[in-house]
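# Residue-level structural notes
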Amino acid sequence: QVQLVESGGGLVQAGGSLRLSCAASGGTFSRYSMGWFRQAPGKEREFVAAISWSGGITRYADPVKGRFTISRDNGKNTVYLQMNSLKPEDTAVYYCAVRSRYSATSSYSYEYDYWGQGTQVTVSS
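So, here is what we can say about the structure in this document.

## Examining the packing of aromatic side chains
Within the structure shown, the criterion is met by five aromatic pairs. Arranged with centres 5.7 Å apart and planes meeting at 70°, the rings of F37 and F47 form a pair that is edge-to-face. Within this pair, whereas F37 is found in strand 4 (residues 33-39), its partner F47 is found in strand 5 (residues 46-51), the two being separated by 10 residues in sequence. F47 matches F37 in its accessibility class, with the two residues each being buried.

Right, dumping it as structure tokens:
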């Protein structure tokens, strides 16, 4: 059983930055691809970014390309999401997830097996 704990969320002004962290325990972290998703009030959960098991391949949703960076440290069993130039529309609960059966990246939430509890990101205008 894999457990994920996100941290780093908070309130920030538009144009600011935040770095989210997701610490994993259980399982073999270095074999898993990882993803970040977000869900705003009244909206469906949407893909944000994903990273392959080695960190060599990354994928981003169009709204965050050029502003967000996903990375991982397999030695620390942690995946990060660096968010720069934040906009009010980035306000959401951010979730990290494990895709344990495949090492490649995916933007489909149903392909992820384990999820964290989420961390709130609020961007004020």
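## What to know about the nonpolar core
Membership of the largest hydrophobic core comes to 35 residues, with the highest contact counts inside it found for M34, W36, L81, M83 and Y94. Every element with two or more residues in this core is listed here: strand 3 (18-25), strand 4, strand 5, strand 7 (68-73), strand 8 (78-83), strand 9 (92-99) and strand 11 (119-124).

Definitions and cut-offs
- Residues numbered from 1 in each chain as written.
- Predicted model: local features only at pLDDT ≥ 70, side-chain atom pairs only at ≥ 80, totals over all residues.
- Heavy atoms only, no water.
- Phe/Tyr/Trp six-rings, centres within 6.5 Å; stacked < 30°, edge-to-face > 60°.
- Helix = DSSP H or I, 4+ residues; strand = E, 2+ residues; numbered from the N terminus.
- Buried < 20%, exposed > 50% of the residue type's maximum accessible area, 1.4 Å probe, protein only.
- Core = buried A, V, L, I, M, F, W, Y, C linked by side-chain atoms within 4.5 Å.

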